[in-house]
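Residues per chain, in single letters:
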Amino acid sequence: MRVFPRAARRRTVVSRVAGIFILAASTYGLVLDAVAQDPEPAFAGAPGATAAARGRYLAAAAGCEGCHTDKASHGAPFAGGRAFKTPYGTFYSPNITPDPAHGIGAWSQTDLVRALRQGIGPKGRHFYPVFPYPAFTLMTTRDMADIYAYLRSLAPQPRKNRPHDLKFLYTFRSAMFFWNALYLHKGPMAADPGHDARWNRGAYLARALGHCDACHTPRNALGGKNEAMAYAGTKSNPEGVAVPNITSDHKTGIGKWSAGDLKMLFQIGMLPDGDFVGGVMAEVVTRETSKLSGPDLDALIAYVKSIPAIKNTISKTKKPSADSANSWQ
Ligand code: HEC
Ligand code: HEC
């Protein structure tokens, strides 16, 4: 995960500043937590069997299962426990099966919608953006409701949540109130009338569900996305792994890739040179893009190909290891 990656690189200077910011913000946040919850209108459509089936597809496109499954310890799907190692400590994903005691069995649909839209739990608890709600906020309420219906259809797993193991300053959840005020652009996403329906569907798949920019857009010292460098990649995430530039720049991005090249990558993980993607992107392909329907895959490709060119050379410093899949987002 990449909440404060640049602070990680320039720890001595920046993390102190970030720390002071967070401490000050926490104090205010504690006071303001109560007003932080916008009322979320209840969704009218009653979720049934079809809603759960749609939710299953959407959950795959959004990568919910991968993050919420402790694959390394052969944990049950969606029962949580996967570790995300960051310079701020280790986060553990929670159990999101319908177990009433250990999972989210007691959550209403409105509770899940608020978590995805606002990054806030049922008791006003702020989530950390290691949970990519800054992307999920862009989903339609209908899609969130379908995901809720799918999660309700899973077998409850009585797996207890493991508390995060964070460094002192980062334990203040209420600081996220200020982070959200700065960086959370609440959805749902509006269609761009300057583009056709296919492009808009692709934008939705990439931004609201697939959260591609969570990795491919570099961040500032406080972990906010540097939108001026959208999708231009980063030389080094907190683990020193490079994330490539996927803008349409011909030299430093993927401007030379054809739609067919992108299709091979998103379907089977093969790169134009015959090599295969590694690390976290291999997981994105296996769990998310390879599960997309034909029309959705084409839509995603249309959107990715349209990303404005930004010159930014990213050279692979390290071969991504299997372990990097567990360590950041
Ligand atoms: C990149 C990894 C990642 C992805 C993808 C992800 N989550 Fe999470 N999620 C987390 C982490 C880590 C937390 C814990 C955040 C915290 O404690 O602040 C979390 C928290 C949650 C919570 C709060 C649960 C509780 O008990 O408080 C819910 C609900 C949830 N996620 C649902 C989802 C759904 C639904 C999806 C797919 C649409 C999803 N998540 C995708 C990592 C992820
Ligand atoms: C969890 C972080 C993460 C997410 C999410 C992610 N990517 Fe990636 N992506 C990477 C990394 C890291 C690589 C480089 C993998 C390698 O070196 O083998 C990569 C590689 C790529 C490449 C190949 C670029 C090249 O020059 O080789 C493309 C294209 C791409 N990603 C597009 C996407 C799209 C589209 C999405 C959203 C559906 C996405 N990525 C989501 C981390 C991510």
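Below, the structure is looked at part by part. Predicted model, so just to flag it, every value in this text is computed and none were measured.

## A short note on the overall build of the protein
When helices and strands are tallied, the protein shows 13 helices and 3 strands. Looking at the protein residue by residue over its 329 residues, the buried ones come to 44%. Across the protein, contacts joining residues at least 24 apart in sequence account for 71% of those joining residues at least 6 apart.

## Here's the deal with the nonpolar core
Ranked by internal contacts, the top residues of the largest apolar core, which has 68 residues, are L116, F136, M144, L209, L300 and V304. The leading source of residues in this core is helix α7 (residues 141-152), at 7 residues. Each of domain 1 (5-183) and domain 2 (197-326) gives at least three residues to this core. The residues contacting L300, other than those within four sequence positions of it, are G202, L205, A206, F266, T289 and L292.

## Topic: the site of ligand 2
The environment of ligand 2 is made up of 25 residues, and the closest members are G210, C212, C215, V280 and M281. Tallying contributions element by element places helix α12 (residues 279-287) first for the shell around ligand 2, with 4 residues. In terms of residue class, the shell around ligand 2 is made up of 17 nonpolar, 7 polar and 1 charged.

## So, helix α8 (residues 176-183)
Those residues of α8 lying buried are M176, F177, W179 and N180. The arc enclosing the buried residues of α8, seen along the axis, measures out at 165 degrees, which places them on a common side. The outward face of α8, more than 90 degrees from its buried face, is lined by the exposed residues A181 and L182.

## Focus on the sheet that holds strand β3 (residues 165-166)
The strand order β1-β2-β3 describes an open sheet built from 3 strands, whose pairing is antiparallel. Of all the strands in the sheet, just β1 (83-86) and β3 have a single pairing partner and so form its edges. The pairing of β1 with strand β2 (residues 89-92) spans 4 bridges and is classified as antiparallel. Its bridge partner being in β2, T86 is matched across the sheet by G89.

## Observations regarding the site of ligand 1
Around ligand 1 lies a shell of 23 residues, among which A62, C64, C67, F127 and F131 are the nearest. For the shell around ligand 1, the secondary structure elements donating two or more residues are α3 (49-62), α4 (64-67) and α5 (109-118). Broken down by class, the residue content of the shell around ligand 1 amounts to 18 nonpolar, 5 polar and no charged.

## Let's talk about the packing of α5 against α7
For the pair α5 and α7, interaxial distance at closest approach is 9 Å and the crossing angle is 120 degrees. With respect to their mutual orientation, α5 and α7 come out oblique. Crossing of α5 against α7: the hand is right-handed. Touching Q109, L112, V113 and L116 of α5 are T141, M144, A145 and Y148, all from α7.

## Quick word on the packing of helix α11 (residues 259-268) against helix α13 (residues 294-305)
Between α11 and α13, whose axes approach to 10 Å, the crossing angle comes to 120 degrees. Looking at the two axes, α11 sits oblique to α13. In this structure, α11 meets α13 at a crossing whose hand is right-handed. Residue-level contacts link A259, L262, K263 and F266 of α11 to L297, L300, I301, V304 and K305 of α13.

## A word on the environment of R54
Among the secondary structure elements, R54 is positioned in helix α3. Exposure remark for R54: the 18 C-beta atoms within 10 Å place this residue in the partly exposed category. For the pair R54 and A149, spaced 95 residues apart in sequence, the C-alpha separation works out to 8.9 Å.

The rules behind the values
Residues numbered from 1 in each chain as written. Chains lettered and ligands numbered in written order. Predicted model: local features only at pLDDT ≥ 70, side-chain atom pairs only at ≥ 80, totals over all residues. Helix = DSSP H or I, 4+ residues; strand = E, 2+ residues; numbered from the N terminus. Buried ≥ 20, exposed ≤ 12 C-beta atoms within 10 Å, placed from the backbone. Contact = placed C-beta atoms within 7 Å. Core = buried A, V, L, I, M, F, W, Y, C linked by C-beta atoms within 7 Å. Domains from an automatic or database assignment. Near = placed C-beta within 6 Å. Nonpolar A, V, L, I, M, F, W, Y, C, P; charged D, E, K, R; others polar. Arc of directions from axis to C-beta. Pairing = 2+ DSSP bridges. Axes fitted to C-alpha atoms, helices over the stretch in contact; angles between N-to-C directions. Parallel < 35°, antiparallel > 145°, perpendicular 65-115°, else oblique. Left-handed = near helix turned anticlockwise from the far one by under 90°.

Note that all results are geometric; they support no functional claim without further evidence.
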